[in-house]
Amino acid sequence: MSWGLQNRLAHIIKPKNNRTVMLAIDHGYFLGPTTGLEKPRKTIEPIRDYADTLMLTRGILRTSVDPLCSTPIVLRVSGGTSILSPLSNEGISVDMEEAIRLNVSGVALSIFVGSEHERQSLLNLTKLVDQGERYGIPVLAVTAVGREMTRDSRYLGLCCRIAAELGAHIVKTYYCEGFEKVVENCPVPIVIAGGKKVPERDALQLAYQAIQCGACGVDMGRNIFQCENPAAMIQAVRAIVHENKNVGEAYDLFESLRRNY
Ligand code: R5P
């Protein structure tokens, strides 16, 4: 790994404990004005300093994040589809030069294993990895899950391993039963998505279990920004990821912070 690539990776995954709390706010790239992100700046500003990394699109980065913000950025660079069309038909949507101009610490792209456009999405990944290696930019592969796919350890293990084999430096996937096997069989760090909004304790439980199984952190979106108190929730997630708190302790923290904001 080149010095630049290692250095950028260390912005995303904190070297002190090899953990990360990424805040995913890229949903609009195919969902449009997602609940909780209608006014992105209003959502992002109060919580961005609690995130180790922001994962978002260039449009939201330019319009809704202060350029003086020091939180590292992982830029979503795949797209080209909407919720109204087959989602797997993505291409690479941002040039690597533009990513460098935006001074990002990494780029993210979805792969759609088992879908109609599996090959295309996997070759998008290999192209991006080639460019990332050229310029020292880490690539995060998101294992997107179509409605027809079962989110079990066999399927997610397949997706994560393929992403790593094709050169991804970090993989983002979903927590599932037997998740430790998914982690064991993937030679690069794994972060988990939060999925759709669930009660806070359940979301904290998900983060806790993923960490126990060997994930290096979370790349969580809706369970933070759709929470009635996002700042309290992200701090509770941090307590699990960075301070090894259990679910009860993290939930108590959430409750006490929630009352104070
Ligand atoms: C989906 O492909 C996007 O990358 C989202 O960022 C991802 O689903 C994570 O967000 P959430 O925790 O809301 O599932």
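See the structure printed just above.
Residues numbered from 1 in each chain as written. Predicted model: local features only at pLDDT ≥ 70, side-chain atom pairs only at ≥ 80, totals over all residues. Heavy atoms only, no water.

### Focus on the pairing of strand β6 (residues 106–111)
So, step 1. Judged by how many residues are buried, β6 sits mostly within the fold: 6 of 6 residues are covered.
So, step 2. Of the two faces of β6, both are covered, the one formed by Gly 106, Ala 108 and Ser 110 as well as the one formed by Val 107, Leu 109 and Ile 111.
So, step 3. Two strands pair when backbone bridges link them, and strand β3 (residues 73–76) and β6 are joined in this way by 3 bridges, in the parallel orientation. Its bridge partner being in β6, Arg 76 is matched across the sheet by Ala 108.
So, step 4. Where β6 lies against strand β7 (residues 139–143), 5 bridges are found, and the strand directions are parallel. (Buried < 20%, exposed > 50% of the residue type's maximum accessible area, 1.4 Å probe, protein only. Helix = DSSP H or I, 4+ residues; strand = E, 2+ residues; numbered from the N terminus. Pairing = 2+ DSSP bridges.)

### Remarks on helix α12 (residues 247–260)
So, step 1. Helix length check: α12, at 14 residues, gives a terminal C-alpha distance of 20 Å against a target of 20 Å (1.5 Å per residue), a fit within 8%.
So, step 2. Residues of α12 that are buried in the fold lie against α9 (200–212) and α11 (230–243).
So, step 3. Its side-chain oxygen placed 3.1 Å from the backbone nitrogen of Gly 248, Asn 246 serves as the N-cap of α12. (Expected span 1.5 Å × (residues − 1). Contact = heavy atoms within 4.5 Å. Polar contact = N/O pair within 3.5 Å; in protein donor to acceptor, adjacent residues only side chain to side chain.)

### Let's talk about the state of the cysteines
So, step 1. Considering all chains together, one arrives at 0 disulfides under this definition.
So, step 2. Considering cysteine sulfurs only, Cys 186 is the nearest to Cys 160, which forms no disulfide, with 5.3 Å between them.
So, step 3. In this structure Cys 160 comes out as buried when scored by relative accessible area, which is 0%.
So, step 4. Between Cys 213, a cysteine without a disulfide, and Cys 176, which holds the nearest cysteine sulfur, the sulfur-to-sulfur distance is 8.5 Å. (Disulfide = S-S within 2.5 Å.)

### Overview of the pairing of β3
So, step 1. Neither face of β3 is exposed, since Ile 73 and Leu 75 on one face and Val 74 and Arg 76 on the opposite face are all buried.
So, step 2. Here strand β2 (residues 53–56) runs beside β3; their pairing, made up of 3 bridges, is parallel. Note that in β3 the partner of Leu 56 across the bridge is Leu 75.
So, step 3. Considered for its hand, the β-α-β crossover made up of β2, helix α4 (residues 58–64) and β3 is right-handed. (Right-handed = clockwise from strand over helix to strand, strands pointing away.)

### A few points about the packing of aromatic side chains
So, step 1. This model, assessed by the stated rule, comprises 3 aromatic pairs.
So, step 2. With 5.2 Å between their ring centres and 50° between their planes, Tyr 175 and Phe 179 make a pair best called tilted.
So, step 3. Looking at Phe 179, the relative accessible area reads 0%, which means it is buried.
So, step 4. A cation sits over an aromatic face here: Arg 151 above Tyr 174, 4.1 Å from the ring centre. (Phe/Tyr/Trp six-rings, centres within 6.5 Å; stacked < 30°, edge-to-face > 60°. Lys NZ or Arg CZ within 6 Å of the ring centre and 35° of its normal.)

### What to know about the site of the ligand
So, step 1. Around the ligand sit 14 residues, and of these Asp 26, His 27, Gly 194, Gly 221 and Arg 222 come closest.
So, step 2. Separating an oxygen atom of the ligand from a side-chain N or O atom of Asp 26 is a distance of 2.3 Å.
So, step 3. Protein chains shield 95% of the accessible area of the ligand, which is 360 Å² for the free molecule.
So, step 4. When atoms are counted within 2 Å of each cavity's grid points, the one that captures over half of the ligand is the largest pocket. (Near = heavy atom within 4 Å. Areas by Shrake-Rupley, 256 points an atom, 1.4 Å probe, with all protein chains shown as cover. 1 Å grid on protein atoms, 1.4 Å probe; cavity = no way out; pocket = protein on both sides within 12 Å on 5 of 7 lines; lining within 4 Å. Sits in = over half its atoms within 2 Å of the grid points.)

### So, the environment of Gly 32
So, step 1. With respect to the helices and strands, Gly 32 occurs in the loop between α2 (28–31) and α3 (40–44).
So, step 2. By relative accessible area, Gly 32 is classed as partly exposed at 33%.

### As for the side chain of Asn 223
So, step 1. Among the secondary structure elements, Asn 223 is positioned in helix α10 (residues 222–225).
So, step 2. Separated by 3.2 Å, the side chain of Asn 223 and the backbone oxygen of Gly 195 make a polar contact.
So, step 3. Filtering out sequence-adjacent residues up to four positions away, Asn 223 remains in contact with Gly 194, Gly 195, Lys 196, Lys 197, Val 198, Ala 203 and Met 233.

### Regarding the sheet that holds β6
So, step 1. A barrel is described by the order of its strands in space; here 8 strands give the closed sequence β1-β2-β3-β6-β7-β8-β9-β10, paired in parallel fashion. Averaged over all neighbouring strand pairs, the angle between strand axes comes to 25°, with direction disregarded.
So, step 2. Relative to strand β10 (residues 217–220), strand β1 (residues 20–24) runs parallel, the two sharing 4 bridges. Considered in β10, the bridge of Val 21 is made with Val 218. (Axes fitted to C-alpha atoms, helices over the stretch in contact; angles between N-to-C directions.)

### Points about the side chain of Ser 88
So, step 1. Mapped onto the elements, Ser 88 comes out in the loop between β4 (78–79) and β5 (91–92).
So, step 2. On the basis of relative accessible area, Ser 88 is assigned to the buried category, the value being 8%.
So, step 3. Apart from residues lying up to four places away in sequence, Ser 88 is in contact with Phe 112, Ser 115, Glu 116, His 117 and Gln 120.

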